[in-house]
Amino acid sequence: MALGLDRPRSGQEKAPAIGGSSRYIPGMSHDQITVVNGKVRLARRCKDLWTNRDLLVLLTRTQLKVKYKSSVLGYAWSMLNPALVLAIYFVVFSIISKSGQPHFAIWLMAGLLPWNLFNGSAIASTGVVVQNSGIVKKVAFPRELLALSTVGVAMVMFVLQSVVLVIAMVIFQITPNLHFLILLPLAMVALLIFTGAMSILLSAINVYLRDTQHLTEVALMAWFWSIPIIYSYELIAEKVAGHSSLIWIKWAYLCDPITPIVMTFQRAIYSNTSYLYEGKVHKLLPAWGLGPYAELLGVIIVASIGLFLLAMVIFGRLEGNFAEEL
Amino acid sequence: MPAAIEIEGISKQFKLYNEKYTSLKERVIRGGKMPYTPFWALKDVSAEVEQGETFGILGRNGCGKSTLLKCVAGILKPTSGEIRVRGNLAAMLELGAGFQPDLSGRDNIYLNGSLLGLSRADIDRRFDSIVAFAELENFIDNQVKFYSSGMYVRLGFAVAINVEPDVLLVDEVLAVGDSAFQRKCLEQVKQFQREGRTIVVVSHATDTIRQNCSQVMVMSHGQVVTVGEPGEAIRVFLAELLGGTKVINAETGEMEGNVLAISTVTTEHGGSGVRNHLYPGDSLTVTADIDALSPVPDAMVTIAVHDDRNELVFASDPDDPAAAVEIPVGGGLVQFQFPEVPLLDGTYSVSVGIRSNSQPTVFDWKEGVARFEVANPARSTGLVRLPFEVSFRHRSGPLTGEVPVTLGGTNLAGWSEPSL
């Protein structure tokens, strides 16, 4: 219709004043100036992320609600899944294969927790901008929040899986290493920043190269086996110990940001650095104190912040044409 | 007061791909090359929108007006140039964009409100008025997928309007909902105008622009044609529109330009005495002087009358066979005769157009080129003079004079209506 073809005669059917519009004072918020140009203004983008944090919570909640909209058990499903994985690995490794490592399932869960967070968010983030093309094309908001909302969803899954782990630990009567538990918040910070950075990158790239989604899944599978989750870090360290030419492998492991995070989780939750089986000592983790772990995590946090800012810049560049690419 | 929106030399290039490869696999196969044609949707567009102004952007489909609006909203990034917006901004490009069908209306209000930049506390405070405006009190906890399209749109508008922006961008989204709701939306937009908020309306409809805007920018092929008062801008827009409708004759392959042009339009009333205004009921003659480069056997003339608020009073049927005229080489005078103009007080503008009946060619259109004024010497008021008669008769007994014809009406105090 034309705006105003149905223009009412004055005094006829007045719309109710809404939202206290009468309070409006022109020029009240005019000191706030929004600039749109071709440049990526990193500080501004980061500030926008912070001011829109309510939206991040809502986008996360929306994804969760949509995900579990029609399942009766709802959130229980996401707990059932890790519980089942725990049970299967318990059966396979403790009873059938007899690796000899006590409470292997707990070891496994300790490593899987941070990996699942990263993995879940990375996979979900590849499709998130494309799936939400409706709002990306019609509403202006910091689109990085879409990618970060997948981190939010993965974080909720993380909490639910942690509950399963805690229940298992109570059943098997395992006490975590209280000394190392204080490193977990540091490891979480490192993990969340790194995951956020990767999710932002992947979500933007997938808009232009739609098969990023499939490539990511394959890459993540390879990545999973390159991280000492099923096996242990010391297994590799021992193998390369004798060969000076292979020492770089050890360093390559520690350069992977996920590995030290996983090792911190294992160290804190599983608490043992070695076990005795058939008269032989099997080492699992380096017997470092808090210091080296904290240092490694510190380096990862600094590097992840750098990666995060880089991801924001790349996202900002690619974002300019989202509306026409979708 | 500084301008609400400053647009400085905005250009936007789109890449038109002949074939689009959206996967890495395809890119590798094609050696990374993607042939494309650059298309400039916006070319060096500059404009300033003053605070409290209702700014219209007028243009044909594909002229870049929506692209410009998206750039101002920050949805698209310009290739070069800069836009500065003072104060908070809300863009209504599509109502209910971002509604999640699986969520309830309540959840969607929070989601949509946050997308438009409201904080949680803001929405908490405005929640009730949003629901009331959308008239969805009974359905707010239902899933949005069960909403009718009207309910959907009402909710979308209610959220958008409650953002209370300093600058509101509207992209013809008000073309939705039933007429009662449209009126409500419009009333809200008017209230925003009264409150001194800045509104930018994008449209290709001249009526929309004429009635709402204080300043109008005309765009064509990604460039600014003119910025000015609505009447003048619309005239330029229509002229541009007509200039752009040169068609190629399929048989001769020749370009048909403006073979016909309206040079002057004059008005003349048929009332007695020397006065430059009409009395209601006077006759009116509008004369258009038409120049013709070649004979046009099948021209159609149209006429439109607008009042001083730019509301359309009358527009002739464009396909009325009575409006067909044959124009010889050199042209001549076309006269429109109104035997009686029933309008009451006011100043009216006359627009005259001429087009081909057999081809999609509009030769000329002169917007508001002539005026006439009506002054009512009597004390009746209103818009038009409706002829009426008064008669009297008793409730019973024989009728005297003519039988008055009653077209329905309130049957007060047992009046017996004559059967028809």
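Remember, it's a predicted structure, so these values are computed and weren't measured experimentally.

1. A word on the overall build of chain A
Here comes step 1: When you go through chain A residue by residue, the secondary structure sums to 14 helices and three strands.
Here comes step 2: Looking at chain A as a whole, 37% of its 326 residues are labelled buried.
Here comes step 3: Across chain A, contacts joining residues at least 24 apart in sequence account for 82% of those joining residues at least 6 apart.

2. Describing the sheet that holds strand β1 (residues 33-37) of chain A
Here comes step 1: If you trace the four strands from one edge of the open sheet to the other, you get β1(A)-β4(B)-β1(B)-β2(B), paired in antiparallel fashion. Two strands lie at the open edges of the sheet, namely β1 of chain A together with β2 (36-49) of chain B, each paired on one side alone. Strand-to-strand twist in this sheet, taken as the mean axis angle between neighbours without regard to direction, amounts to 25 degrees.
Here comes step 2: Taken together, the five bridges between strand β1 (residues 5-17) of chain B and strand β4 (residues 80-86) of chain B define a ladder with antiparallel strand orientation. Looking at β4 of chain B, one finds that E8 of chain B is bridged to E82 of chain B.

3. Remarks on the nonpolar core
Here comes step 1: Residues M109 of chain A together with V72, A73, M92, A160, L169 and V200 of chain B are the most contacted members of the largest nonpolar core, which totals 150 residues.
Here comes step 2: Residues contacting V200 of chain B, with those up to four places away along its chain left out, are V49, F55, I57, L69, V72, L169 and V170 of chain B.
Here comes step 3: Within the second largest apolar cluster, 24 residues are counted, among which are I262, V265, A299 and V350 of chain B.

4. Concerning the pairing of strand β8 (residues 215-220) of chain B
On any regular strand, side chains alternate: one points to one face of the sheet, the next to the other face.
Residue and element names in this part refer to chain B.
Here comes step 1: Counting buried positions along β8 gives five out of six residues, so the element sits mostly inside the fold.
Here comes step 2: As defined by bridge partners, strand β3 (residues 54-58) adjoins β8 across four bridges and the pair is classed as parallel. Each residue of the ladder has a partner; that of I57, found in β8, is M217.
Here comes step 3: Pairing analysis gives five bridges linking β8 to strand β9 (residues 223-228), with the strands arranged antiparallel.

5. What to know about the domain arrangement of chain B
All names here are of chain B.
Here comes step 1: Each assigned domain of chain B is listed here: domain 1 (1-87 + 207-244) and domain 2 (249-374).
Here comes step 2: Contact residues are listed per partner, giving nine residues for domain 1 and eight residues for domain 2.
Here comes step 3: At the level of elements, α7 (206-212) and α8 (230-243) are the ones that each hand at least two residues to the side of domain 1 that touches domain 2.
Here comes step 4: Top contributing element to the side of domain 1 that touches domain 2 by residue count: α8, with six residues.
Here comes step 5: A breakdown of the residues in the side of domain 1 that touches domain 2 according to their chemical character gives four nonpolar, two polar and three charged.

6. Here we look at the packing of helix α8 (residues 184-208) of chain A against helix α13 (residues 290-319) of chain A
Residues and elements named next belong to chain A.
Here comes step 1: Between α8 and α13, the shortest axis-to-axis distance is 8 Å and the interhelical angle comes to 25 degrees. As summarised for this structure, α8 and α13 are arranged roughly parallel, according to the angle between their axes. Crossing of α8 over α13 shows left-handed handedness.
Here comes step 2: Along the lines of polarity and charge, the residues of the contact of α8 with α13 split into 24 nonpolar, two polar and one charged.

What counts as what
Residues numbered from 1 in each chain as written. Chains lettered and ligands numbered in written order. Predicted model: local features only at pLDDT ≥ 70, side-chain atom pairs only at ≥ 80, totals over all residues. Helix = DSSP H or I, 4+ residues; strand = E, 2+ residues; numbered from the N terminus. Buried ≥ 20, exposed ≤ 12 C-beta atoms within 10 Å, placed from the backbone. Contact = placed C-beta atoms within 7 Å. Pairing = 2+ DSSP bridges. Axes fitted to C-alpha atoms, helices over the stretch in contact; angles between N-to-C directions. Core = buried A, V, L, I, M, F, W, Y, C linked by C-beta atoms within 7 Å. Domains from an automatic or database assignment. Nonpolar A, V, L, I, M, F, W, Y, C, P; charged D, E, K, R; others polar. Parallel < 35°, antiparallel > 145°, perpendicular 65-115°, else oblique. Left-handed = near helix turned anticlockwise from the far one by under 90°.

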